[in-house]
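Architecture and fold: a report
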Amino acid sequence: MKYRSVFDIIGPVMIGPSSSHTAGAARIGRAARHLFGREPKYAHIHLYGSFAQTYKGHGTDVAIIGGLLDFDTDDTRISTSLEIAKEKEMDIHFYEEEANTDHPNTAKLIIGDDEGELELVGISIGGGKAEITELNGFELRLSGSHPAILLIHNDRYGAIASATSILAGHEINIGRMEVSRKAQGEQALMVIEVDQNIEDTVLNELERAEHIKQVARISD
Amino acid sequence: MFRNVAELVERAEKESISLSEVMIRQEMEVKQLTREKIFEQMERNLEVMEKAIEDGLKGVQSHSGLTGGDAVLIQNYMRDKEPLSGHLLMDAVSKAVATNEVNAAMGTICATPTAGSAGCVPGTLFAVKDKLNPTREQMIRYLFTSGAFGFVVANNASISGAAGGCQAEVGSAAGMAAAAIVEMAGGTPAQSAEAMAITLKNMLGLICDPVAGLVEVPCVKRNAMGASNAVVAADMALAGVTSRIPCDEVIDAMYKVGQRMPTAFRETAQGGLAATLTGKKLEAKIYGSPIDE
């Protein structure tokens, strides 16, 4: 089931005017920010479908940038996020794409700085709820509203066990999990949705685990 | 978890509890939280709704200038004259409008189920409140009942205008409100489902056609009419009127209509009222040029 909580329906509390184009878009931006782990220096934002057609009127642009600045859906600074980003000298570009996507509210974010880059595709599925469908070329399905851990790892036996045994050691329950890879024996991505936010100590331990190359988290 | 309205109603009847109670217990289970925590969170949502109505009734204006001030006009009219459709109905209308005017002005609202359809549930709640004198707990339960029906629609159909048109947004919101009114007024769980079905049946096919792509025209007034549909359908269900088509099948029909709805009528601002001469002129005035060129 796509929606699990009554607060996905009665909520979120948010700055208007559109749950899918403003709140959902902010959540996509914020998920990218959390996965990148720091404030990006630049952002290339590609908008598709209804996002591309109506983003100015709905404040989709200010919402995504607000999310990249780590603002929540009810943060009144969203309405001035473009100015705030400008003060911080964040280099921002928007592209209105014509290609048809599976979902009408789709955005592709390429964010980065001198240290690295992250490419993420997100969809806003309605009522302020968003999902991440692609990360650095890996296909996945991740709702931005649950705590989650993302692990880039080598596609080797034992990689999954080394991650899950660490979680078990910390008594962290896994709600949902998926693994995808680009090709056999190459890099793979593990997505683990959990019930509670992940502490730094757990994250550090995961980073040191065998076959694990990179770790990111999304907090509630 | 209940997967559809039939299961929701069945659980309430079998355990002799209200629909809101079914939703509350499920939420406690899913989130592993206490009843107090869940009530607290819903009460915060209620407070946001109350504040939005209060702000809207004082009068707000959107940045585009397309909407704002209608809630005040309606309240003034109600004060000076006896509304033909009755006080409660126009009160619900004015409070739904107030909420969506605040939303359009980039104020703070609670999505129910979406921002564009945020007026129906609180608008009806704060109008029916004056008649039924509910406790604060009953008002919070109103939101859980609405949420239970929205939960089914969101999982089995859609609550997104871009995916399913306005029927999925204001249609769902109005149906959710109708079901909640019935519970607050002392109706049965089955009557709540009938009220939802009757409402949604009459919203089928409603397109999403925002002028200039803004959640303003016709969204604000659609919430007004959604709220009034909800009140009327609740009264019909309380009178014992039933829907010939069961609620779950109406929801399924809404989903299928949404799937076959052309893109122009799904929040792209390319069809319907957005494509009228005046709609296009307003768009050009707001942006300097039309947005789809």
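Residues numbered from 1 in each chain as written. Chains lettered and ligands numbered in written order. Predicted model: local features only at pLDDT ≥ 70, side-chain atom pairs only at ≥ 80, totals over all residues.

Details of the interface of chain B and chain A
Applied cut-off: The contact criterion used is a C-beta to C-beta distance within 7 Å, with each C-beta placed from the backbone. Strands here mean DSSP runs of E at least two residues long; helices mean DSSP runs of H or I at least four residues long; both are numbered from the N terminus. All residues other than Ala, Val, Leu, Ile, Met, Phe, Trp, Tyr, Cys, Pro, Asp, Glu, Lys and Arg, Gly among them, are scored as polar; the first ten of these are nonpolar and the last four charged. Strands qualify as paired when DSSP identifies two bridges or more between them.
Taken together, the contact between chain B and chain A spans 50 residues of the former and 38 residues of the latter. Broken down by secondary-structure element, the contributors of at least two residues to the side of chain B that touches chain A are helix H2 (19-31), helix H3 (35-58), helix H5 (87-104), strand S1 (108-110), helix H7 (136-156) and helix H8 (161-164) of chain B. Of the residues assigned to the side of chain B that touches chain A, the class counts are 27 nonpolar, 18 polar and five charged. Bridge analysis of strand S1 (residues 13-15) of chain A against S1(B) gives three bridges, and the strand direction is antiparallel. Bridged to Val13(A) within S1(B) is Cys110(B).

Regarding the packing of helix H9 (residues 166-184) of chain B against helix H12 (residues 247-259) of chain B
All names here are of chain B. The test is simple: Axes here mean lines fitted to C-alpha atoms, for a helix over just the part in contact, with angles spanning 0 to 180 degrees between N-to-C directions. Working definition: roughly parallel below 35 degrees, roughly antiparallel above 145 degrees, roughly perpendicular at 65 to 115 degrees, and oblique for all remaining angles.
Running from N to C, H9 and H12 point in directions that differ by 155°, and their axes come no closer than 10 Å. Judged by the angle between their axes, H9 and H12 are roughly antiparallel. Of the residues in H12, those touching H9 at Gln 167, Ala 168 and Gly 171 are Met 254, Val 257 and Gly 258. Partitioning the contact of H9 with H12 into residue classes produces three nonpolar, three polar and no charged.

Examining the UniProt feature "domain: Serine dehydratase-like alpha subunit" (unreviewed entry) in chain B
Our working definition: UniProt positions are given in the numbering used here, feature names are shortened, and annotations may be inferred rather than shown by experiment.
The sites that carry the UniProt feature "domain: Serine dehydratase-like alpha subunit" (unreviewed entry) are, in the present numbering, residues 15-274 of chain B. End-to-end, the C-alpha atoms of residues 15-274 of chain B are 48 Å apart, and along that stretch the chain is 65% helix and 1% strand.

Re the domain arrangement of chain A
How big an interface is tends to be reported as the loss of accessible area on association of its parts. Residues and elements named next belong to chain A. Counted only if it meets this: Domain delimitation follows an automatic or database domain assignment.
Assigned domains of chain A: these are domain 1 (13-143) and domain 2 (148-218). Look at where the C-alpha atoms of domain 1 and domain 2 centre, and you get two points 25 Å apart. The interface of domain 1 with domain 2 comprises 11 residues on the first partner and 10 residues on the second. Mapped by element, the contributors of at least two residues to the side of domain 1 that touches domain 2 are helix H1 (19-36) and strand S7 (138-143). Here the element with the most residues in the side of domain 1 that touches domain 2 is S7; it accounts for five residues. When the residues that make up the side of domain 1 that touches domain 2 are grouped by side-chain class, the tally is six nonpolar, three polar and two charged.

What about the sheet that holds strand S6 (residues 129-135) of chain A?
Residues and elements named next belong to chain A. Strand order in the open sheet formed by six strands is S3-S2-S4-S5-S6-S7, with mixed pairing between adjacent strands. The two strands at the open ends of the sheet, each matched to only one other strand, are strand S3 (91-96) and S7. Mean inter-strand twist for the sheet, computed between neighbouring axes without regard to direction, equals 20°. Alignment of strand S4 (residues 105-112) against strand S5 (residues 117-126), held across seven bridges, turns out to be antiparallel. Bridged to Gly 112 within S5 is Glu 117.

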